[in-house]
Each structure stands twice: as structure tokens, then as C-alpha cells.
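Each chain is listed here by its residues.
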Amino acid sequence: MKAVMDVDPHPAKVLRLVLGDQLDAHHSWFQQVDPGIVYVMAELAQEQRYVRHHIQKTMAFFLAMERFAERVRGMGHSIRHFDLDQAAPFESLTALLAHCAAAHQATRVEYQLPDEYRLRRQLADWQPDGVEVVAVESEHFYMTEHDLKRQFKAGSAHRLEPFYRKMRTSFDVLMKDGAPVGGQWNFDKHNQKALPKTVTVPAPFLFQNPTGLIQDRLDRHGVETLGQVGSDLIWPVDEAQAEALLVDFCQRLLPNFGRYQDAMTHRGWSLFHSRLSFALNTKLLSPKRVVDAAVAAFEQPGSEVGCAEVEGFVRQILGWREFIRGLYWANMPDYAARNVLEAKMDLPSFYWTGDTRMACLKQAIDQSLEFGYAHHIQRLMVTGNFALMLGVDPDQVDAWYLGIYVDAIEWVEMPNTRGMSQFADGGLVASKPYISSGKYIQRMSDHCGDCAYDVTARTGAMACPYNVLYWDFLGRHSDRFGRNPRMRLMMNHYEKIPMIERDEIHSAAQALRESLA
Ligand code: FAD
Ligand code: SF4
């Protein structure tokens, strides 16, 4: 440990911590070079331990941190980047910070407010003797910390649509003379198309970032990961790569983004999605930069980007992403323990292997293991829907989503998983559970034709498990959802099923649970 710090005992008045998801070289911190400031970054063992991460996620973070340190150094700043070897002696982030503060004789440590509760708590609780600790905003989101507190209340249900309209108006995005461009706030109804066979799925734009040195480091320290990686990492790991991905998205994919946003196919793994979530969540790109680029592509003379397409995309970032963050901060830490449906089952083991005969689940899980990525509808209506209807413990569902996706950071993963997808928060994020039978998956995908199960059957040995679990869920939770007006139609259908068939469905669902336990 001593050797690490003796290399460059740069006396500095101020230490500034940069976390792995705070890679924003445009932050006001970096606008002036000050020899009295040393920046600190570290590949910490504590961040590898709190959940088992996909190998591509760990590598993407480590590579992006390395590139960021090089860039900041190139801008003239002084920065100490501890790799896993150098950070190994420190049991925690604060132990490393305390050591750096002493080695650099710092009287002040500054940090950008972490987006994750766990880290924010850890830093807020740290009170070193003789060192002032100061937190500043990350300057990344549209909404400031103050805005968040004003708009989101703990324990209250919030809805996206009014929030989104307010955001469009406040930030003047896709607005003309005080009204939404195109005459509508939301083009969701235009945006729910399956992918026709005649439409070619575009090849995703991939990077070739070498992984060898990081793999060696992970092996040396016995870091346990999941999923696969090749010799190259396909994800963007610096701002230039993130920017190239954004440009490619606006040119090639945005013209079809909204239309096929909910479509699923075995012909490709990311369709017309941007795959910008890692770059956004690590702050290589700001949400404003991404939204402005999409709007500029739409406004270009002769643009192929339609209003429904750009609106659909803007809604995800200006709407959903900021909305989810608001709910997270209003409700943490209690949110992490919510389980209103009292779901207790273990996550089926095939979530970790893809070893299932259900074609839709196999596609979603296989590609998650191969690339650390599935698009929103796969996460919500395939893996999430199945776990919800089966009755899986939301802690286990959270751990799976938090580990497996390259973009998974708790503030955005948890309200999407525990809230939107598992309804474990009792409706703070969504007004009803996102459940569906196989019919929805059949309509939106080409999976059912290749499946071992029969999507048209709800009873019998080959009945699609989504059908069995869907009707079983409605029966099991009829007390809770019977009076929800948004569930009335579904409940009416359930009540029309003859009693003898309902019993058969519930027995089949129970047998399925036992077979997966
Ligand atoms: P695109 O479809 O191209 O969308 C553009 C951008 O919009 C995304 O990059 C993302 O930043 C934002 N966005 C879209 N939907 C959401 C949403 N519901 N919440 C917040 N931002 C959104 N997103 C994460 O970034 N990290 C997660 O850990 C995560 N976990 C999820 C878990 C579940 C169960 C579900 C249902 C969704 C989750 N999402 C998460 C939201 C969404 O699925 C991903 O942001 C998206 O699939 C990322 O792929 P993309 O960049 O190609 O997105
Ligand atoms: Fe999925 Fe059911 Fe279709 Fe099979 S039949 S792909 S399990 S929805």
C-alpha cells in the first residue's frame, strides 16, 4: 500500500473523487487546471462484490475509466488512477480516500453526488479528522437535485405522462409556440408495430476495444463475473466512441426507432435501438447532447426521421430516464425492500444459462449473456413478465438485472425492475402490472413459430407457460386488482373462464413452479 502512494506524493490542497459512472469531461471541475487539485479514480474490489456483474459490464467500466484518466491527464490535470492491483490493499472506497488525503496532505475532499444510494450513504457517513468533505452536483441530468426533491414525493404514485409534458415544456424540447410539435404529446399508438419479414434488421455498430489486459487483472484478483466476452469489447468506452454511436444511431436507426421499438425477433439483438445506455449512464454523453442530436436529425431539411420516431426516442430520455431517477431518490432506501405481492420464489436457474425451451425467453437470456444487452420490451415483457407472473422474489430479480446488463446501475435498474416490471412497489411507477399472455409476445415477435410450446393453448401439456401464468396471476391476485379500472377487462375475461378450466390452469401453474424450483 505504501509503495502505491510513494510513487507520486503530489502535495495538493484538494482531492476530487471521480466514480466510474462520472466520466464527464465537460463537468465544471475540469474546465480549469489547478495544480492544487488531484483527481482520484479507482477500480475497487467493493464495487465488484456487491453483485455479480456481466464480464462486459466490468470491462466496459474499467476501460472507460482508463480512457477517462488518460483524457483528463491530457487536459493538464493531475489524476491518480488506481487499477485493481493498486487498489487491492484498500478494503473500501473511503479507506482509499483517507489514504490519498493523507498522502497528498489534502485538507479537502470533494465528490460529485453519486447516483446510487449505497455510495451516497457511504460517502455521507465518512467524516475524516481534519479533512473537509464537500459534495457537488454531477451536472449530468436535466433535473437538478433540488428539482427532484420538489417534484417527487416519497410513497406517492407518480405518472410519466404529466411529468413528461412538463419536461418538454420546461426544457423546450419538440415544442412550437407552446404546443407539442406534430400536434400530439405522445405518438405511442403509432409505435407498437411488429417487424415485418421484409424489413432488414440493421447490423449493430460495434467497437473493437481490446480486453486482454483487463481480463488478466480480473483473473489475478479472482473477480467473479457472468456472461461471455470475446477478444474485443463492443461497447463505447470513451466520448469519441459514444459520439460515433450516437451519430450512427441518428443516421441509420432513428428513422425506424419508434415504429419497431416494441418488436422482438431472433433475426437480431438490438434492432433499431440506440444501445446508448452505457454511454449515458457513465456520463460519457449527457442526456441533453443525445436529445439535441435526435431533434437536430429530425429537423434537418429532407429528414427521414418522422415526428413519431423522434418523439418516441425523446420520451425515453427526457421522460422515462429522468422520471425513474426521481422515483428512486424519493423512495430510497425503503424502495429496495418493497414486495407488495409477497413474491417468494427463487429465480429459475435458466435465467443464468438460457437453458429453456421457451423460445422468447431463450432469445432474451442468450443475448443478455452474450452481449450484456436486451432491449426494453425483452426486459419488461419477456424476462420481467415471466418472473412477475411466476412470483419470483424481487430481490433475486433485482440482482439478476443489476448484474447482467452493461447499463445496469441501481438508480435506473431498481425502479424499472422492482417497480415497472415486478409491481413490487404497489404502483408507484406503474398504474397496473405489466403482465401479458403469450398472445402479446406472438403479436410482437417471430418467436412463437420456433417454440416447443403452443401459444394458442392455455391448458394441456404443451400450453404456452405465459398463458398458464397469466390466467393464474389474475386469479391469484383478483382481490388486489379486481377493482383496478385498468385491469377490469382482463379480470372480466378471467371470470368468464369455466371454473373447471380455472382449476386446471392453477394446477398447471403450480406444477410449473414446482418444476422450476
Ligand atoms: P433505447 O431503446 O435506444 O432508448 C434510448 C435511451 O432511453 C436508453 O439508452 C435509456 O437511457 C433511456 N431509457 C429508455 N427506457 C428507459 C427506462 N424505462 N428507464 C430509464 N431510461 C430509459 N435502463 C438502464 O439504463 N439501466 C438499467 O439497469 C435498466 N434496467 C431495466 C430493467 C428492466 C426490468 C426494464 C424493464 C428496463 C430497464 N432499463 C434499464 C430501461 C431500458 O430497458 C434500457 O434503458 C434500454 O433497454 C437500454 O437500451 P438502449 O440504450 O438501446 O435504449
Ligand atoms: Fe414464448 Fe409462449 Fe411464444 Fe413460446 S409460445 S415463444 S413461450 S410466448
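What counts and what doesn't
- Residues numbered from 1 in each chain as written.
- Chains lettered and ligands numbered in written order.
- Predicted model: local features only at pLDDT ≥ 70, side-chain atom pairs only at ≥ 80, totals over all residues.
- Heavy atoms only, no water.
- Helix = DSSP H or I, 4+ residues; strand = E, 2+ residues; numbered from the N terminus.
- Contact = heavy atoms within 4.5 Å.
- Near = heavy atom within 4 Å.
- Polar contact = N/O pair within 3.5 Å; in protein donor to acceptor, adjacent residues only side chain to side chain.
- Areas by Shrake-Rupley, 256 points an atom, 1.4 Å probe, with all protein chains shown as cover.
- Nonpolar A, V, L, I, M, F, W, Y, C, P; charged D, E, K, R; others polar.
- Domains from an automatic or database assignment.
- Buried < 20%, exposed > 50% of the residue type's maximum accessible area, 1.4 Å probe, protein only.
- Expected span 1.5 Å × (residues − 1).
- Bend = angle between axes of the 7 residues up to and from the residue.
- Salt bridge = Lys/Arg side-chain N within 4 Å of Asp/Glu carboxyl O.
- Pairing = 2+ DSSP bridges.
- Right-handed = clockwise from strand over helix to strand, strands pointing away.
- Arc of directions from axis to C-beta.
- Phe/Tyr/Trp six-rings, centres within 6.5 Å; stacked < 30°, edge-to-face > 60°.
- Lys NZ or Arg CZ within 6 Å of the ring centre and 35° of its normal.
- Buried area = accessible area lost by both parts, 1.4 Å probe.

S.K.: Can you explain the overall build of the protein? Please cite residues and give values.
M.R.: Each helix and strand in the protein was counted, giving 22 helices and 11 strands. C-alpha atoms of the protein, sized along the principal axes, occupy 80 × 55 × 45 Å. Residue pairs at least 24 apart in sequence account for 76% of intrachain contacts in the protein once pairs closer than 6 positions are excluded.

S.K.: Break down the site of ligand 1 for me, citing the residues and quoting the values.
M.R.: Around ligand 1 sit 30 residues, and of these His 273, Ser 274, Arg 275, Asn 281 and Tyr 373 come closest. Note that an oxygen atom of ligand 1 is positioned 2.7 Å from one of the side-chain N or O atoms of Ser 274. When isolated, ligand 1 has an accessible area of 810 Å², and the protein chains bury 99% of it. Elements represented by at least two residues in the shell around ligand 1 include exactly α11 (277-281), α13 (307-331), α15 (376-390) and α17 (410-421). For the shell around ligand 1, a count of residues per class yields 15 nonpolar, 10 polar and five charged. When residues are assigned to domains, the shell around ligand 1 turns out to be shared by domain 2 (145-228 + 237-331) and domain 3 (349-516), each giving three or more.

S.K.: Lay out the site of ligand 2 in plain terms, naming residues and giving numbers.
M.R.: Every residue lining ligand 2 is accounted for by Met 358, Cys 360, Gly 438, Ile 441, His 447, Cys 448, Cys 451, Tyr 453, Val 455, Cys 464 and Tyr 466. Of the residues contributing to the shell around ligand 2, the split by class is nine nonpolar, two polar and no charged.

S.K.: Requested: an account of unusual backbone geometry, with residues and values cited.
M.R.: A cis amide bond links Met 332 to the next residue, Pro 333, at an omega of 5°. The topology assignment puts Pro 333 in the loop between α13 and α14 (359-371). Unusually for a residue other than glycine, Lys 283 sits at a positive phi of about 70°. One can find Lys 283 in the loop between α11 and α12 (287-299). Backbone geometry places Glu 342, a non-glycine residue, at a positive phi of 50°. Note on placement: Glu 342 falls in the loop between α13 and α14. A residue is classified by how much of its surface remains accessible, and Glu 342, at 58% relative accessible area, is exposed.

S.K.: Please provide a residue-by-residue account of α15, values included.
M.R.: Here α15 is 15 residues long and its end C-alpha atoms lie 20 Å apart, about the 21 Å a rise of 1.5 Å per residue gives. At Gly 384, α15 shows its largest bend, some 45°. With 14 of 15 residues buried, α15 lies mostly within the body of the structure. Positive phi shows up at Gly 391, right after α15, with a value of about 95°.

S.K.: Outline the pattern of salt bridges, listing residues and values.
M.R.: Counting across every chain of the model gives 30 salt bridges. Among the salt bridges present, the one from Glu 161 reaches Arg 165, with a minimum N-O distance of 3.1 Å. With Glu 161 and Arg 165 both in helix α8 (residues 160-170), this residue pair falls four residues apart, about one helical turn. Judged by relative accessible area, which is 23%, Glu 161 ranks as partly exposed. Between Asp 188 and Arg 315 there is a salt bridge, with its nearest N and O atoms 3.4 Å apart. Residue Asp 188 is located in the loop between β8 (179-180) and β9 (209-210), and its partner Arg 315 is located in helix α13; the two are separated by 127 residues in the primary sequence. Here Asp 188 falls in the partly exposed class, since its relative accessible area comes to 28%. For Arg 315, a relative accessible area of 4% corresponds to the buried category.

S.K.: Describe the pairing of strand β5 (residues 108-112), and please don't skip the residues or the numbers.
M.R.: When you tally the buried positions in β5, you get four out of five residues, the bulk of the element. Bridging between strand β1 (residues 14-17) and β5 involves four bridges; their strand directions are parallel. Across the sheet, Val 14 pairs through a bridge with Arg 108, a residue of β5. The sheet contact formed by β5 and strand β6 (residues 132-136) spans five bridges and is parallel. Across the sheet, the residue bridging to Val 109 is Val 133, located in β6. As a crossover connection, the stretch from β5 through helix α6 (residues 117-124) into β6 is right-handed.

S.K.: If you had to explain α6 to someone new, which residues and values would you point to?
M.R.: Here α6 has its buried residues at Leu 119, Arg 120, Gln 122 and Leu 123. When α6 is viewed along its axis, its buried side chains cluster within an angular range of 160° and face the same direction. Tucked into the core, α6 has its buried residues touching β1, α2 (45-49), α5 (93-103), β5, α7 (145-151) and α13.

S.K.: Go over the packing of aromatic side chains, please, and point to the residues and values.
M.R.: All told, the structure shown has 33 aromatic pairs when counted by the stated rule. With a centroid separation of 5.6 Å and an interplanar angle of 70°, the aromatic rings of Trp 269 and Tyr 373 are classed as edge-to-face. Residue Trp 269 is found in the loop between α10 (239-257) and α11, and its partner Tyr 373 is found in the loop between α14 and α15; the two are separated by 104 residues along the sequence. The two residues Trp 269 and Tyr 373 agree in class, both being buried. Arg 120 extends its terminal NZ or CZ atom over the ring of Trp 329, reaching a point 3.8 Å from the ring centre.

S.K.: Lay out the domain arrangement of the protein with the relevant residues and their values.
M.R.: Under the domain assignment used here, the protein contains domain 1 (4-136), domain 2 (145-228 + 237-331) and domain 3 (349-516). Between the C-alpha centres of domain 2 and domain 3 there is a distance of 24 Å. Taken together, both faces of the contact between domain 2 and domain 3 bury some 3,000 Å²; the carbon and sulfur share is 65%. The largest per-residue losses of area from domain 2 upon contact with domain 3 belong to Met 264, Trp 269 and Tyr 328, which jointly make up 27% of the total buried on that side. Elements represented by at least two residues in the side of domain 2 that touches domain 3 include exactly α11 and α13.

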